[in-house]
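Chain by chain, the residues run as shown.
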Amino acid sequence: MASGDPVKKLCEELSCPICLEYFKEPVILSCGHNFCQSCLDQYWEEKEASCPQCREKVQGGDIRPNRQLANVVELVKELGSQKAEEKGRVCQRHQEPLKLFCKDHEAPICLVCDRSKEHENHKVIPLDEASKEYKDQIWNFLETLKKEKKKILAYKADAAWESQDLLGKTQREKEKTVAAFKHMHQFLEEQERNLLAKMDEVEKEISAKGEEHLARLSEELSSLSKLIQEMEEKLQQPASELLQVRPRLSPWVAETSSLAVIQSLAVTFILINRLL
């Protein structure tokens, strides 16, 4: 008869010799040994196709899925899960159901534990009542979390609204600024055109007045040249004839000089006024 823990022995029989875990997609070789399909593939990548346990050569057709072994592994896993669940509801010391809850130790206990010295004078209540109290605490905490979440959601909505409102105001101010600068640009262009037009007019007037002034000066020069010629001719005349022109010489010279000066001043004054 086999010695040792039978459960442990069963777990060993259901474990892959390579990964030492429960079989996953087990395959059986011609020699009768079982392995995980993935473990065997990885093993044969580095070594020849032989059994990892007995080293017997393996051909391609000597490998078959072991579905019965896979079913047994799944059954053992389910039994292990059920045992773990039952173990959690039974006192490990007295193997009695856990029906009470010790508030001092904050742990479930059985009726035997309640009568032991370890829990003497401890506050012990039924497990269902302790579960209800704990659920109530969780419920209250959950309600607090929900309220806090609601506040955060409301704050998030307000923040999103304020952000959109600020973005809208910024966009409107941006549009106003663009429009103001566009209007200013149009105004400056119009002022530029008006000023350039006025300057063109002033240039034309200056040019016209300058030509007119030059024409008058040319006329005066012609008159002066003619007068000079006459004076030179008079100098050749006898003294009696020369003295006859003296009474009208000074007024004519004075009048001619005064007229030229007045005309020059007038033209200059007009040009300055136009420029200003």
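All values derive from a computational prediction rather than experimental measurement.

**Q** Explain the overall build of the chain residue by residue, including any values.
**A** Helix and strand content of the chain: seven helices and six strands. Its helices and strands taken in sequence order, the chain reads α-β-β-α-β-α-β-β-α-β-α-α-α from the N to the C terminus. Going through the 276 residues of the chain one by one, you find that 15% of them count as buried. Intrachain contacts of the chain at a sequence separation of at least 6 include 34% that bridge at least 24 residues. Carbon and sulfur atoms provide 56% of the accessible area of the chain, an area that totals close to 22,400 Å².

**Q** Pulling in residues and values, what's your account of the nonpolar core?
**A** Of all hydrophobic cores here, the largest spans 16 residues; its most connected members are Cys16, Phe23, Leu29, Phe35, Leu40 and Trp44. Of all the elements in the fold, those that place two or more residues in this core are strand 2 (34–36), helix 2 (37–46) and helix 3 (67–88). Top contributing element to this core by residue count: helix 2, with four residues.

**Q** Run through the pattern of salt bridges, naming residues and quoting values.
**A** A full pass over the atoms with the stated rule returns five salt bridges. Across the pair Asp165 and Lys169 runs a salt bridge, and its minimum N-O distance is 3.5 Å. One end of the pair is Asp165 and the other is Lys169, both in helix 5 (residues 127–235) and four residues apart, which spans about a single turn. In this structure, Glu173 engages Lys176 in a salt bridge whose closest nitrogen and oxygen atoms are separated by 3.9 Å. Taken as a pair, Glu173 and Lys176 lie in helix 5 at a separation of three residues, close to a single helical turn. Judged by its relative accessible area of 45%, Glu173 is partly exposed.

Thresholds, definitions, all that
- Residues numbered from 1 in each chain as written.
- Predicted model: local features only at pLDDT ≥ 70, side-chain atom pairs only at ≥ 80, totals over all residues.
- Heavy atoms only, no water.
- Helix = DSSP H or I, 4+ residues; strand = E, 2+ residues; numbered from the N terminus.
- Buried < 20%, exposed > 50% of the residue type's maximum accessible area, 1.4 Å probe, protein only.
- Contact = heavy atoms within 4.5 Å.
- Areas by Shrake-Rupley, 256 points an atom, 1.4 Å probe, with all protein chains shown as cover.
- Core = buried A, V, L, I, M, F, W, Y, C linked by side-chain atoms within 4.5 Å.
- Salt bridge = Lys/Arg side-chain N within 4 Å of Asp/Glu carboxyl O.

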